[in-house]
Amino acid sequence: MQSQSFRYTELNKEALEFLKKAGLEQVFKKNSIIFLESEDPTGFFIILEGYVKISRLNRDGKEVVIAILKPGNFFGEMSILDGYPRSTDAAAETDLKLLAVKESDFHRMLAKFPNVAVEMLKELAQRIRNSDSQIKGLSILNARGKVASSLLRWARDQGEERGKSVVIEGTSNQSEMASYVGLTRETFNRNLHHLQEEGFIRVEKRNIVIINEYEDFKKIFGPFF
C-alpha cells in the first residue's frame, strides 16, 4: 500500500548520487542493535533492505515499540539536528542493509539539496501527527480498538493492496505488537483472535496479517491511526 512517507529512491538524481558517494553501506543481522538510547549520534541512516524497529524502555524496564520502518525510510536524524543523544533504541527487525551517512555529510546534503530538507520535514511532521494519534488512541480506545488501530497503522506504513484487502507482511512478533499499543501479549492476542473470528482479518504464518475489506475496516476503526 503506497504511503506518503519520504522515500530514498524518489530523490532526484543528483541527491541520490551524493548519498551513494557519501554514504557507507552497512549490513545487520536480524535482532542486531544499530544504536541505543542515550548514545551520542554518529550519523543518520537510510534503509535499503529490511525493516528497523524503533523502541525504548518504559519505567518498568519493558520495551515499548514506537515504530517499524521499512525500506526507503530514514532514521537517526533527530540527534544530529538538535545535538542531543539518541532518544530511542534502533534494532534490525529483519536482516538489514543500511546506508549510513556521517553528520557532516548530512548537513552538506541539506545545504546542497533544499528539496531533500523539505521532504524530510514533511516526513517528520507526519511522524509527529502519527505520535499524537497514537497517544490519543491509547488514552481513549478500548483494547479491541487499540489492536485494530495498530493494524491500520501497519497497513498504511507497510501494507500491500490486493483487491479490497490489504496484506501486512513482516509484522513484529506478538509481544512487540502488544507493546506498541500498551497491552499485554495475552490481551493483544485475544483481541486479534476476536477480530479474526468476526471476519475482519486473517492471520497467517510468518507474521502476515490480512485485513479483509480494508475500506470498511478503516471506517469502523480508523479515527486514531
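Structure: above.
Residues numbered from 1 in each chain as written. Predicted model: local features only at pLDDT ≥ 70, side-chain atom pairs only at ≥ 80, totals over all residues. Heavy atoms only, no water.

The subject of this paragraph is the overall build of the protein. Scanning the protein from N- to C-terminus turns up 8 helices and 12 strands. Evaluated residue by residue, the protein yields a buried proportion of 47% over its 225 residues. For the protein, the share of sequence-separated contacts (at least 6 apart) that also reach a separation of at least 24 residues comes to 71%. (Helix = DSSP H or I, 4+ residues; strand = E, 2+ residues; numbered from the N terminus. Buried < 20%, exposed > 50% of the residue type's maximum accessible area, 1.4 Å probe, protein only. Contact = heavy atoms within 4.5 Å.)

Right, let's get into the sheet that holds strand β12 (residues 208-211). Judged by pairing direction, the sheet is antiparallel, and its 4 strands sit side by side in the order β9-β10-β12-β11 without closing on themselves. Among the strands making up the open sheet, the edge pair consists of β9 (159-162) and β11 (201-204). If you compare each strand with its neighbour and ignore which way they point, the axes differ by 20° on average. (Pairing = 2+ DSSP bridges. Axes fitted to C-alpha atoms, helices over the stretch in contact; angles between N-to-C directions.)

Turning next to helix α3 (residues 103-112). Within α3, the full set of buried residues consists of Asp-105, Phe-106 and Met-109. Considered in projection along α3, the buried side chains sweep an arc of 105° and stay on one side of the axis. (Arc of directions from axis to C-beta.)

Every other side chain in a regular strand lies on the same face of the sheet, so the side chains alternate between the two faces. Burial along strand β10 (residues 165-168) is two-sided: Ser-165 and Val-167 and Val-166 and Ile-168, pointing in opposite directions, are all buried. As paired elements, β9 and β10 share 4 bridges and run antiparallel to each other. Within β10, the residue paired with Glu-161 across the bridge is Val-166. Connecting β9 to the antiparallel partner β10 that follows it, the hairpin turn spans 2 residues, and Gly-163 within it adopts a positive phi of roughly 65°. Pairing of β10 with β12, which is carried by 3 bridges, proceeds in the antiparallel orientation. Within β12, the position partnered with Val-166 by the bridge is Ile-211.

This part is about the pairing of β12. Of the two faces of β12, the one carrying Ile-208 and Ile-210 and the one carrying Val-209 and Ile-211 are both buried. In the sheet, β11 pairs with β12 via 4 bridges, with the strands oriented antiparallel. Considered in β12, the bridge of Glu-204 is made with Ile-208.

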